[in-house]
Amino acid sequence: MARRTLTASPEGIRTIQKTIKHLNKSQTYLAGMVGCSRQTIWSLLQGNPIDCDVFMDVCKELRLNWEKIAVLESIAPFEEIERLVQEIREQIRPSIDRECGTMRVLDMTQPIGLGKIYTEVNILEKITGRRRLNLEQLLEGCNLEEFDRFGLSGVKERRVPGLEAVKRYGKLMILGQPGVGKTTFLKYLAIECSRGNFQSDRVPMFVPLKRFAETDGSPGLLDYIAQEWVSGANRERTEARSDLERLLKAGRGLVLLDGLDEVREEDSDRIIREIQDFANGFAPSQFVVTCRIAAREYTFERFTEVEVAAFQDEQIRAFATRWFDIKKLDFTEDFLDQLKANPTIKELATNPLLLTLLCLEFEDSGDFPADRAELYQRAVATLLRKWDAKRRIRRQQVYKQLSVPRKEDLLGQIAFRTFDRKEYFFKQRQVERHIADYICNLPDAPTDTDALHVDSEAVLKSIEAQHGLLVERARGIYSFSHLTFQEYFTARKIVDSTPAQAIEALQNLASHMMQPRWREVLRLTLGMLPSADELLQLMKREVDGLVAGEGKIQEFLQWVDRKTQAVHTSYKPTAIRALYFSLSLDSSLRLDQSLRLDQSLRLDLNLFRALNLSLGLSCSLDLIQSCGFDLVLPGSTSFSLQLSCSLDHILDSHLDLDLFRSFCVDRSFGLDLNFFRSFCIDLSRNLSDSHTLSPNLKQPLQALKDQLPDPESDLEIRDRWWQENGRTWTEQLRSLMVKHRDIGHDWQFDEEQLKQLRQYYDANKLLVDCLNSPSSYVTRSVREEIEATLLLPSPRDV
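How each quantity is defined
Residues numbered from 1 in each chain as written. Predicted model: local features only at pLDDT ≥ 70, side-chain atom pairs only at ≥ 80, totals over all residues. Heavy atoms only, no water. Helix = DSSP H or I, 4+ residues; strand = E, 2+ residues; numbered from the N terminus. Contact = heavy atoms within 4.5 Å. Areas by Shrake-Rupley, 256 points an atom, 1.4 Å probe, with all protein chains shown as cover. Pairing = 2+ DSSP bridges. Axes fitted to C-alpha atoms, helices over the stretch in contact; angles between N-to-C directions. Left-handed = near helix turned anticlockwise from the far one by under 90°. Buried < 20%, exposed > 50% of the residue type's maximum accessible area, 1.4 Å probe, protein only. Patch = residues over 30% accessible without salt bridge, like charges linked within 9 Å, V, L, I, M, F, W, Y side chains within 5 Å. Salt bridge = Lys/Arg side-chain N within 4 Å of Asp/Glu carboxyl O. Lys, Arg positive; Asp, Glu negative; His and termini not counted. Charge placed at Lys NZ, Arg CZ, Asp CG, Glu CD. Expected span 1.5 Å × (residues − 1). Phe/Tyr/Trp six-rings, centres within 6.5 Å; stacked < 30°, edge-to-face > 60°. Polar contact = N/O pair within 3.5 Å; in protein donor to acceptor, adjacent residues only side chain to side chain.

Q: What is the right way to read the overall build of the protein from this model?
A: In terms of helices and strands, the protein carries 37 helices and 14 strands. Within the protein, contacts between residues at least 6 apart in sequence are counted, and of these 74% link residues at least 24 apart. In the form shown here, the protein has an accessible surface area of approximately 36000 Å², with 47% of it arising from carbon and sulfur atoms.

This is the structure we're talking about:
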C-alpha cells in the first residue's frame, strides 16, 4: 500500500551524517544529486518526516539500506492514517475550541474569541540576548539625548511570520518576554490545525505544562494526552492511547507544549525529562514548546530556539482595530493618533499584554489618563503582580526577602544610577553590583561575597524571567525592557528619596530640565510628588539663570517689560510679555541663516490673515496661550481674525501693528506690491488719526511718507526707488519709532545670544506646561508667584 513519508531514527541520522563526512560531500551536493532542496536534507537530519521517495533516493545515493535508517514503526498505510487523522481531529475539535478558542486577560469583563482578536506574531530566528555584541555596537546610531525609544538598539534582526517558522522547523522552542503572546500563538496553532486551516494532515495536541505537571499520579505525556482525548472525545482509554501512538509515530501529531517556565521548581526536572523522551520517542511528529526567556537553561536536542518579536506599527494597528471593533467603539483612529503623539506610551504598545492594558484604559473614556505616572504604575503592576496572579502561577522566590515592593525599590535604584549616567545598556556584572548593594542590607542576607554574587545573579534572572522588566540585549548586556520603565523607576526613586536626600535629588533633577532625555522623568516626578511646589520653584531658578548676567538679553527683557506695562488690557501681563517676546524673537531668529524661513512664510499680518504662519510663530503661540492669552487654535479663519483683533487691541496703536509688520519682513526690504500698497494706506490712516499720534511724531512721519513713491505708480519706478532709497528710508523710520514708540529695535543678537534666547524660550514653555499639568498639585501662592515673574529681567540686571 502507498506510503507518504519516512523518518530517520536517531541512529539512522548519525549514520547519514558519518557517511556524508566520510564521502567528503555537503548537504547541498547531496540535495543536488537527489533532486530536492537543501532544506529537505536539513529537515531529514533533524528527525522530521520527508517524502518517502526522496528518503529512499538519499539512502541509495549514500549506499545505505533505507530500512536500517528509517523508523519502521512510522510506516503505516496512508489511507488508514489519513482516516484516523480526520476522525480524531473532528472528535477533539470541541475540546480544542473550549481550551483555546477564547482569550481573557487582566481586567477584561468577558472573554474574547481568539479568532477575532488574534494578531499575527513575528519570530526572530536569532535570540536577542545571545547576540555577541558590545556596548558600542548596541549604541551605534543612537543619540543619547534623543534616544531611540523603540528599538533600544541600532541592530535589527530579521523577522519571519510565526506560521512560517513553525512550518520551517519540526521541533521548535519559542522563547519570549512576559506578555508577548506565546500562549496566544500556541492556542491559535491548535485552533487552526483542528479546523484544517494549518497543517491539515496533523492532529493538534495542546498541553498546558503547568496543569500537566500538577496532575494527580504524575502521568507521562502519552497517558495525559490520551486521557484528555478520553474526556474530550468520548473514546475508550485503551483505544485512545493506541491511536495516539500510531499518529505520533506516523508524524501526524502537532504537539503544543505551553509554558515550560510556569512549571514548579519541584516538578521541573521530571517534566524536562518527559518532554525530551517524548520528543525522541515520537521524532516524526512536530513539537512546539513555549517558555519565557531566562527562565532556566533548558536544552532539548534537535530543537531550534527562536524568539517572539515585539509588535511593530502594523501589528499595533491591527490589534487595536480588532479590539475596538469587538467593543463596537469608534476609537481606533483616536487611539492610534494619541499613541503617535505620546512616544512613551506607544513604547509600551509593542508588548501585546501592555497593549491590551492600554486598550482597556482607553475604552473607558476615549483617552489615556492625564497622569502618565499612574498609567505606568498599572503597567508595572501588571508585570510584577497581576499577570502571574491571574493565572494562579506561584513562582519560586529566588530570594525570599525580596518582596514585590522591594523589587520596585531595587528597580528604582538600578534605574536612577544607570539613567543618571546615560547608561541605557549596562553590563551584567554592573547590574549585579547594584543588586548586591541593595540586598546586602536585607535581613538574612549572606555576608560572604561569593554567596552574595550568586544571589545577585539569581535575582537578576528572576526579574528578567518572571517580570520582563530587565532584559538581556546581547550576551552579558542588559537594559530595561522599555525606556519608559527606566524613566518611570528613575522618577520613583527621586520621589522616594529620604528627607535628607530629597532637596539634593530635586535640585539635581531641576538642573537637567533643559536636557531632552530628562523631560519625561521631570514630568513623571511632578505628577508623583504630593506637592510640586518645591520642584517648580527650583525649575524657575534654573530658567532665570539661563540668561542672568547677559547684558543685551537683559536689555531686551527690560524692553519687553516696558511695553507690557504700557498696555492696558484684561490679559495677564505675562501673556502680553510672551506676545512681545515671541514676535520679536521670531523676527530676530530669521536673521540666522541656519533658521531662515522660505520667503513665502514671512511674518507679517498679511500672512497671518492668509493662515500662512511661520513655524517660529506657531511655536511662539504655544507659550502665549499657555500664559493666558486666549487665542483659538491655528488652522481656521477665526484664528487669523481673532489674532489680528487681539494684536490691534494690545499693541500701543495701529501704527505699532503696522510697524511690527514691516520690521518682521526679510532684511532685504524687498516688500512685495500688495504689502507696499497696504503699508502706505495704513501709514496714511495713522497720520490722519490725531488721537493716535503726538505732534512730535506726526510731522516727521508725514515727511517720511512724502518721500515714498505713489503706490499706484509704475512697478518699475517703485522698484528702482526702493532699491536706491529703501534701506536708508527704513532705518530713518526705525530710528523714529524707537525714539517715540519704543518699537523697532534692531537687537542684532549674535548666534550664541539667539541660541540662549531660544533655550530660554523653550525653558519657559516647559515650565508653563509643567505648571499647567493636570497631574501636578501646585499651591495657589506658588502658581501665582511663578506666573507673575515669567519672562522678567533679572532684578540684579535692572
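Q: Whenever I open this one, the sheet that holds strand β5 (residues 122-124) confuses me. Can you help?
A: Remark on secondary structure: sheet strands pair via backbone hydrogen bonds, oriented parallel or antiparallel. Across the sheet, seven strands lie side by side as β6-β5-β11-β7-β10-β9-β8; this open sheet has mixed pairing. Single-partner strands in this sheet number two, and they are β6 (159-161) and β8 (203-208). The sheet shows a mean angle of 30° between the axes of neighbouring strands, direction not considered. One ladder, built from two bridges, connects β5 with strand β11 (residues 304-308); its direction is antiparallel. Bridge pairing in β11 links Ile123 to Val308. This element, helix α10 (residues 182-194), spans β7 (171-176), β8, β9 (253-258), β10 (286-292) and β11 of the sheet and lies at about 160° to β9.

Q: I would appreciate a short explanation of the packing of helix α15 (residues 313-326) against helix α16 (residues 332-341) in the present structure.
A: Between two packed helices, both the angle of their axes relative to each other and the distance between the axes serve to describe the pair. At their nearest, the axes of α15 and α16 sit 9 Å apart, and the two run at 145° to each other. Note that α15 runs across α16; the crossing there is right-handed. Here Ile316, Arg317, Ala320, Thr321 and Phe324 of α15 lie close against α16, whose contacting residues are Thr332, Glu333, Phe335, Leu336 and Leu339.

Q: Whenever I open this one, unusual backbone geometry confuses me. Can you help?
A: Where the residue is not glycine, phi is negative for most of them; where a peptide bond is considered, it is trans in most cases. The residue Ser218 is not glycine, and still its phi comes out positive at about 45°. Mapping Ser218 onto the fold places it in the loop between α11 (209-213) and α12 (221-233). Phi at Lys328 is positive, roughly 55°, even though this residue is not glycine. Among the structural elements, Lys328 can be located in the loop between α15 and α16. Residue classification places Lys328 among the exposed positions, given a relative accessible area of 74%.

Q: What am I meant to see in the pairing of β11 here?
A: Put simply, side chains in a regular strand alternate between the two faces of the sheet. Among the five residues in β11, four count as buried, and that is most of the element. Both β7 and β11 contribute to a ladder of four bridges, which runs parallel. Within the sheet, the bridge partner assigned to Met173 lies in β11 and is Glu305.

Q: When you look at a negative patch on the surface in this model, what are you seeing that I'm missing?
A: Side chains of Asp325, Asp330, Asp334, Asp337 and Asp367 sit close together on the surface and give a patch of like negative charge. By secondary structure assignment, the location of Asp334 is in helix α16.

Q: Would you take a moment to explain helix α20 (residues 404-420) for this structure?
A: Residues separated by three or four positions in an α-helix point in the same direction, a consequence of the helix having 3.6 residues per turn. Helix length check: α20, at 17 residues, gives a terminal C-alpha distance of 24 Å against a target of 24 Å (1.5 Å per residue), a fit within 8%. Within the span of α20, buried status applies to Lys407, Glu408, Leu410, Leu411, Gly412, Gln413, Ile414, Ala415, Thr418 and Phe419. Following α20 by one or two positions, Lys422 adopts a phi angle in the positive range, close to 60°.

Q: When you look at the sheet that holds strand β12 (residues 426-427) in this model, what are you seeing that I'm missing?
A: Ordered in space as β12-β14-β13, the three strands form an open sheet in which the pairing is antiparallel. Every interior strand has two partners, whereas the edge strands, β12 and β13 (470-474), have only one. Relative to strand β14 (residues 477-480), β13 runs antiparallel, the two sharing four bridges. Residue pairing across strands places Leu470 opposite Phe480, the latter belonging to β14.

Q: What exactly am I supposed to notice about the environment of Gln554 here?
A: Along the chain, the position of Gln554 falls in helix α27 (residues 551-565). Separated by 239 residues in sequence, Gln554 and Pro793 place their C-alpha atoms 5.5 Å apart.

Q: Just checking my understanding: could you explain the packing of aromatic side chains for this structure?
A: Given two aromatic rings, their pairing is described by the distance between the two centres and the angle made by the two planes. A full pass over the atoms with the stated rule returns 25 aromatic pairs. Look at Phe362 and Phe368: their rings are 5.0 Å apart centre to centre, the planes differ by 65°, and that puts the pair in the edge-to-face class. On the basis of relative accessibility, which here comes to 0%, the residue Phe362 falls in the buried class. For Phe368, a relative accessible area of 7% corresponds to the buried category. Seen in terms of ring centroids, Phe581 and Tyr760 are 6.0 Å apart; in terms of plane orientation they differ by 55°. Their pairing is tilted. Taken together, the positions of Phe581 in helix α28 (residues 573-589) and Tyr760 in helix α36 (residues 751-771) put the pair 179 residues apart, joining distant regions of the chain. In this structure Phe581 comes out as buried when scored by relative accessible area, which is 0%.

Q: I tried to follow the side chain of Glu192 on my own but got confused; where do I start?
A: Note on placement: Glu192 falls in helix α10. Buried charge Glu192 goes without a salt bridge, the closest partner of opposite sign being Arg195 at 4.8 Å.

Q: Help me out: how do you make sense of the pattern of salt bridges in this one?
A: Pairing between side chains of opposite charge can happen when their charged atoms approach one another. Within this structure, the stated rule accounts for 31 salt bridges. As a salt-bridge pair, Glu472 and Lys461 come within 3.6 Å of each other at their nearest N and O atoms. Residue Glu472 is located in strand β13, and its partner Lys461 is located in helix α22 (residues 449-467); the two are separated by 11 residues in the primary sequence. In this structure Glu472 comes out as buried when scored by relative accessible area, which is 18%. Look at Lys461 and you get partly exposed, because its relative accessible area is 23%. A salt bridge links Arg492 to Asp496; its shortest N-O distance comes to 3.6 Å. With a relative accessible area of 47%, Asp496 lands in the partly exposed category.

Q: Looking at this model, I keep getting lost on the side chain of His482. Mind explaining?
A: Structurally, His482 can be placed in the loop between β14 and α23 (483-495). Taking relative accessible area as the criterion, His482 reaches 9% and is therefore assigned buried. From its side chain, His482 meets the backbone oxygen of Glu347 in a polar contact 3.3 Å long.

Q: Could you clarify how one ought to interpret a positive patch on the surface in this entry?
A: There is a patch of like positive charges on the surface, built from Arg421, Lys427, Arg429 and Arg433. Locating Lys427 in the fold gives a position in strand β12. Using a relative accessible area of 35% as the deciding quantity, one classes Lys427 as partly exposed.

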